[in-house]
Amino acid sequence: MDGGLAGVVLAAGAGTRLRPLTLLRPKVLCPVGNVPLIDLALARLGSVGSVAVNVHHGRAMLDAHLDPGVHRSYEESLLGTAGALGQLRGWLDGRAALVVNGDAWCPGALDDFVAGWDGERVRLLLAGDDELQPRSGVAAALMPWSELSRLEATPSGLYEVSWRAAQSERRLDVARLDTPFIDCGTPAQYLAANLAATAGKSAIGEGAEVDGKVEQCVVWPGAEVRQPENLFRAIRANARVTVYVR
C-alpha cells in the first residue's frame, strides 16, 4: 500500500425494493437502531483517514447529512459498484481502497480484516461464505490500486469486472464473517436489522411520540403512534406511511 489506504462507502442506490420508505429518504439514511445506515458504515471504516461516498439518489439530503470532510462522488446516472470506483480514480490517486456498502447492517470494526494485508491482492470479507459466489454477501472489500486503476466510470459491477477474474487467477483472498450481516434491501430485512440491533425491542427514534402499543416495530424520528393503535412488526415512518411486515 505504497500510496496509502482510503475508505469508500457505496451509497448511490435508489432502494426501490425498500419503497415506500425510500420515497421519504435515501436508503442509507434509514436508521437502524436509531443510527442512519450511512453513519454505521462510516464508523466501520475506523481510522481510515480519507473517506468518499458516492451519491445519486437523495443527493440533497445526503449532502446535508454528511460531514464536510467526506468527499462526495456525484453520479448523474447509476454506475454500479465498479463504475463508482472508476469515477473515484482521480480522487484515489494511487491509493488502495477499503470499500463497504452503505445499505447493509454489519456491526463491528474492520481492523482485523485490514491487518496484515499486502496491498497487492484483492481481499473480500464474506458473510458466512468461504468462497466467493455471484450472490455472496460482501461485508467489505480491500482493493489494491493495481485493480482500481483499471476500472472505468461506466455502469458495471465488481464481481463481473474484477473479483471473478481475480478468483480464477488466484489473486483473491477471502475472509469469512460469522457475525451478523443484513442487507437492508426490503422492509422485512430492514426490520430484521433493527430488531437485531436492539435485541428484539422496538426502535423508537428521537422525538417520536408513542402512546399506543408497539411490539417489534421501528418508529422513525418525529413519528407518532397514538392510542388505541397496536402496531406489531411495523415500520412507522410518518403520519402517512406505515409498512407492515408479515
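Scroll up to find the structure.
These lines cover the structure that appears in this document, whether it is placed above or below. The structure displayed is predicted, hence computed values, not measured ones.

### A short note on the overall build of the protein chain
Here is step 1 of the chain: Assigned secondary structure in the protein chain consists of eight helices and 19 strands.
Here is step 2 of the chain: Relative to the 2.2 N^0.38 estimate, which gives 18 Å for 246 residues, the radius of gyration of the protein chain is 19 Å and therefore close to what a compact globule would have.
Here is step 3 of the chain: With respect to the three principal axes, the spread of C-alpha positions in the protein chain is 60 × 35 × 30 Å.
Here is step 4 of the chain: A burial count over the protein chain gives 46% of its 246 residues as buried.
Here is step 5 of the chain: When contacts within the protein chain are restricted to residue pairs at least 6 apart in sequence, those whose partners lie at least 24 apart make up 61%.
Here is step 6 of the chain: Accessible area of the protein chain: about 11,500 Å², with a carbon and sulfur share of 48%.
Here is step 7 of the chain: Computing the positive centroid from 24 side-chain charges and the negative centroid from 28, the protein chain places the two 6 Å apart.

### A word on the pattern of salt bridges
Here is step 1 of the chain: Within this structure, the stated rule accounts for 14 salt bridges.
Here is step 2 of the chain: Taken together, the salt bridges that share partners define one network made up of Glu 147, Arg 150, Glu 169 and Arg 171.

### With respect to the sheet that holds strand 15 (residues 218-219)
Here is step 1 of the chain: Here we have four strands laid out as an open sheet, ordered 12-15-18-19, and mixed in their pairing. On the outer flanks of this sheet lie strand 12 (203-204) and strand 19 (242-244), each paired with one strand and no other.
Here is step 2 of the chain: Strand direction decides the pairing type here: strand 12 and strand 15, joined by two bridges, are parallel. Across the sheet, the residue bridging to Ile 204 is Val 219, located in strand 15.

### Observations regarding the layout of surface pockets
Here is step 1 of the chain: As a volume, the largest pocket reaches approximately 1,200 Å³.
Here is step 2 of the chain: Elements that contribute at least two residues to the lining of the largest pocket include exactly helix 3 (80-87), strand 6 (96-101), strand 9 (138-143) and helix 7 (158-168).
Here is step 3 of the chain: Residue classes in the lining of the largest pocket are distributed as 21 nonpolar, 13 polar and seven charged.

Definitions and cut-offs
Residues numbered from 1 in each chain as written. Predicted model: local features only at pLDDT ≥ 70, side-chain atom pairs only at ≥ 80, totals over all residues. Heavy atoms only, no water. Helix = DSSP H or I, 4+ residues; strand = E, 2+ residues; numbered from the N terminus. Rg over C-alpha atoms; globule rule 2.2 N^0.38 Å. Buried < 20%, exposed > 50% of the residue type's maximum accessible area, 1.4 Å probe, protein only. Contact = heavy atoms within 4.5 Å. Areas by Shrake-Rupley, 256 points an atom, 1.4 Å probe, with all protein chains shown as cover. Lys, Arg positive; Asp, Glu negative; His and termini not counted. Charge placed at Lys NZ, Arg CZ, Asp CG, Glu CD. Salt bridge = Lys/Arg side-chain N within 4 Å of Asp/Glu carboxyl O. Pairing = 2+ DSSP bridges. 1 Å grid on protein atoms, 1.4 Å probe; cavity = no way out; pocket = protein on both sides within 12 Å on 5 of 7 lines; lining within 4 Å. Points joined across faces, edges and corners; volume = space filled by probe spheres on them. Nonpolar A, V, L, I, M, F, W, Y, C, P; charged D, E, K, R; others polar.

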